[in-house]
Amino acid sequence: DRLLLNKTDLVSESDLERVEARLRAINSFAPVQRCTRSEVSVDSVLNIHGFDLERTLTALPDFLDPAATKTTKHDDRVTSVSLSQSAAHHLR
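Here is a short report on the structure shown in this document. (Residues numbered from 1 in each chain as written. Predicted model: local features only at pLDDT ≥ 70, side-chain atom pairs only at ≥ 80, totals over all residues. Heavy atoms only, no water.)

## Some points on the overall build of the protein chain
Then step 1. Across its full length, the protein chain holds 2 helices and 2 strands.
Then step 2. The order of helices and strands in the protein chain, counted from the N terminus, is β-α-β-α.
Then step 3. Relative to its full complement of 92 residues, the protein chain shows a buried share of 12%.
Then step 4. A fraction of 59% describes how many contacts in the protein chain between residues 6 or more apart in sequence connect residues 24 or more apart.
Then step 5. About 8,500 Å² of surface is accessible on the protein chain, with carbon and sulfur atoms providing 52% of the total. (Helix = DSSP H or I, 4+ residues; strand = E, 2+ residues; numbered from the N terminus. Buried < 20%, exposed > 50% of the residue type's maximum accessible area, 1.4 Å probe, protein only. Contact = heavy atoms within 4.5 Å. Areas by Shrake-Rupley, 256 points an atom, 1.4 Å probe, with all protein chains shown as cover.)

## Focus on the pattern of salt bridges
Then step 1. Counted by the stated rule, this structure contains 5 salt bridges.
Then step 2. The salt bridge involving D15 is made with R18; its shortest N-O contact spans 3.5 Å. Linking D15 with R18, this pair stays in helix α1 (residues 13-26), spanning 3 residues, or about one helical turn.
Then step 3. According to the relative accessible area criterion, D15 is partly exposed, its value standing at 31%.
Then step 4. Linking R24 and E20 is a salt bridge whose minimum nitrogen-to-oxygen distance equals 3.9 Å. You can see R24 and its partner E20 sitting in helix α1, 4 residues apart, about one turn around the helix.
Then step 5. Three or more residues are tied together by salt bridges with common partners; here these are E13, E20, R24 and R34. (Salt bridge = Lys/Arg side-chain N within 4 Å of Asp/Glu carboxyl O.)

## Digging into the environment of H49
Then step 1. Positionally, H49 belongs in the loop between β2 (32-34) and α2 (53-59).
Then step 2. As for H49 and D1, which are separated by 48 residues in sequence, their C-alpha atoms are 8.8 Å apart.

## Quick word on a nonpolar patch on the surface
Then step 1. A cluster of nonpolar side chains, F51, L53, L60, F63 and L64, forms an exposed patch at the surface whose accessible area comes to about 490 Å².
Then step 2. Within the secondary structure, L60 sits in the segment after α2. (Patch = residues over 30% accessible without salt bridge, like charges linked within 9 Å, V, L, I, M, F, W, Y side chains within 5 Å.)

## Observations concerning the environment of A21
Then step 1. Inspection of the secondary structure assignment puts A21 in helix α1.
Then step 2. Put simply, A21 and V32 are 11 residues apart on the chain and 9.9 Å apart in space, counted from C-alpha to C-alpha.

## Some thoughts on the side chain of S44
Then step 1. Structurally, the position occupied by S44 is in the loop between β2 and α2.
Then step 2. Setting aside anything within four residues of it in sequence, one finds S44 in contact with R2 and Q33.

Okay, here's the thing in structure tokens:
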């Protein structure tokens, strides 16, 4: 995972630190990258091989146990979108 904190030029340093603390409370493993105008290196977000099973099992020993009680909270306000195109991609 990577957390991109955009529009960092529009808020104070104290606000950035407060938001980053909230993000780390949600996902303590993912690095937070500050950016402005969505300027992010593609290499920093693609093919990062971010999942580490050993690290996950250290944090969540029952991760692979389907019988374990899950305490995951889902926030219906969080959504994602995925687009798939079977034709060749043309960049101009």
